Amino acid sequence: MSRRGYKRHGRGDLSTAVDDTAHLAASFGPVGAFCTGTIGFAVFYTVLPLCMMAWTAERKASLKGSAAATFAILLDQVMWQRLISPCQCAGISILLVCSAIAAWKLIDRADLNDEDVTFLSCVSKGIGRLMGN
């Protein structure tokens, strides 16, 4: 009786979103890969943070009491550090990796294998973190 190999499942964080978008972009041509990166950048850099800020503003408006101002400042800081800033870094990484895939496909005209896509994704995440901070 043979055993199936163990496959580690992702945690579902933003790094997984960048990897999944890179693999999706690799299945398209150069124009499709660039469009995938542009859409991913728009969603992660602007749309999600705007939705989060709207939700935060709604929650801050419902705060009452003497400590409301303190909790509002704390809520802003937590939202920025834990959600908005990482989303924007992921958006930058998505744009970088999809642009690199589009350029690679435009120049080489060859399909990328999984190792190439994973390498480009890792490099773009590092650059995105440097640009985001």
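Everything below is about the structure shown above.
Structure report, in brief. (Residues numbered from 1 in each chain as written. Predicted model: local features only at pLDDT ≥ 70, side-chain atom pairs only at ≥ 80, totals over all residues. Heavy atoms only, no water.)

1. A short note on the nonpolar core
Consideration 1: Core analysis: the largest hydrophobic core is formed by 16 residues, its most contacted members being Val97 and Ile101.
Consideration 2: Broken down by element, the residue count for this core peaks at six residues, all from helix α3 (residues 68-108).
Consideration 3: Ile101 has contacts with Ala22, Ala25, Ala26, Ala33, Leu112 and Leu120, leaving out every residue within four places of it along the chain. (Core = buried A, V, L, I, M, F, W, Y, C linked by side-chain atoms within 4.5 Å. Buried < 20%, exposed > 50% of the residue type's maximum accessible area, 1.4 Å probe, protein only. Helix = DSSP H or I, 4+ residues; strand = E, 2+ residues; numbered from the N terminus. Contact = heavy atoms within 4.5 Å.)

2. Looking at the packing of helix α1 (residues 14-26) against helix α2 (residues 30-61)
Consideration 1: One way to put it is that α1 packs onto α2 with a least axis distance of 9 Å and a crossing angle of 155°. Judged by the angle between their axes, α1 and α2 are roughly antiparallel. The chirality of how α1 crosses α2 is right-handed. Judged by residue contacts, Leu14, Ala17, Thr21, Leu24 and Ala25 of α1 engage Ala33, Thr36 and Phe44 from α2.
Consideration 2: Here the contact of α1 with α2 is composed, by residue class, of six nonpolar, two polar and no charged. (Axes fitted to C-alpha atoms, helices over the stretch in contact; angles between N-to-C directions. Parallel < 35°, antiparallel > 145°, perpendicular 65-115°, else oblique. Left-handed = near helix turned anticlockwise from the far one by under 90°. Nonpolar A, V, L, I, M, F, W, Y, C, P; charged D, E, K, R; others polar.)

3. Topic: the pattern of salt bridges
Consideration 1: The final tally for this structure, using the stated rule, is two salt bridges.
Consideration 2: The residue Arg59 makes a salt bridge to Glu58 at a minimum N-O spacing of 3.3 Å.
Consideration 3: By relative accessible area, Arg59 is classed as partly exposed at 35%.
Consideration 4: Where Lys60 meets Asp76, a salt bridge forms, and the shortest distance between an N and an O atom there is 2.9 Å. Linking Lys60 in helix α2 with Asp76 in helix α3, this pair joins segments that are 16 residues apart in sequence.
Consideration 5: Take Asp76: its relative accessible area is 35%, and that puts it in the partly exposed class. (Salt bridge = Lys/Arg side-chain N within 4 Å of Asp/Glu carboxyl O.)

4. Structural notes on the packing of aromatic side chains
To describe a pair of aromatic rings, you give the distance between the ring centres and the angle between the ring planes.
Consideration 1: Summed over the entire model, instances satisfying the criterion amount to one aromatic pair.
Consideration 2: For the pair Phe41 and Tyr45, a centre-to-centre distance of 4.9 Å together with 15° between the ring planes defines the contact as stacked. In this pair, Phe41 and Tyr45 are both assigned in helix α2, four residues apart and thus about one turn of the helix distant.
Consideration 3: A relative accessible area of 25% means that Phe41 is categorised as partly exposed. (Phe/Tyr/Trp six-rings, centres within 6.5 Å; stacked < 30°, edge-to-face > 60°.)

5. Considerations on the side chain of Thr21
Consideration 1: Secondary-structure assignment places Thr21 in helix α1.
Consideration 2: One polar contact links the side chain of Thr21 to the main-chain carbonyl oxygen of Ala17, over a distance of 2.7 Å.
Consideration 3: Not counting the four nearest positions on each side in its chain, Thr21 is found in contact with Thr36, Ile94 and Cys98. (Polar contact = N/O pair within 3.5 Å; in protein donor to acceptor, adjacent residues only side chain to side chain.)

6. Some remarks on the environment of Leu112
Consideration 1: With respect to the helices, strands and loops of the structure, Leu112 is situated in the loop between α3 and α4 (114-132).
Consideration 2: Using a relative accessible area of 12% as the deciding quantity, one classes Leu112 as buried.
Consideration 3: Between the C-alpha atoms of Leu112 and Ile101, which are eleven residues apart in sequence, the distance is 8.2 Å.

7. Some points on the layout of surface pockets
Consideration 1: Each pocket or cavity is described by its volume, and for the largest pocket that value is around 260 Å³.
Consideration 2: Around the largest pocket, the lining comprises 13 residues; the ones closest to its centre are Leu14, Pro86, Cys89, Ala90 and Arg129.
Consideration 3: Residue assignment for the lining of the largest pocket shows that the elements contributing at least two residues are α1, α3 and α4.
Consideration 4: Counting residues per element, the lining of the largest pocket draws most heavily on α3, which supplies six residues. (1 Å grid on protein atoms, 1.4 Å probe; cavity = no way out; pocket = protein on both sides within 12 Å on 5 of 7 lines; lining within 4 Å. Points joined across faces, edges and corners; volume = space filled by probe spheres on them.)

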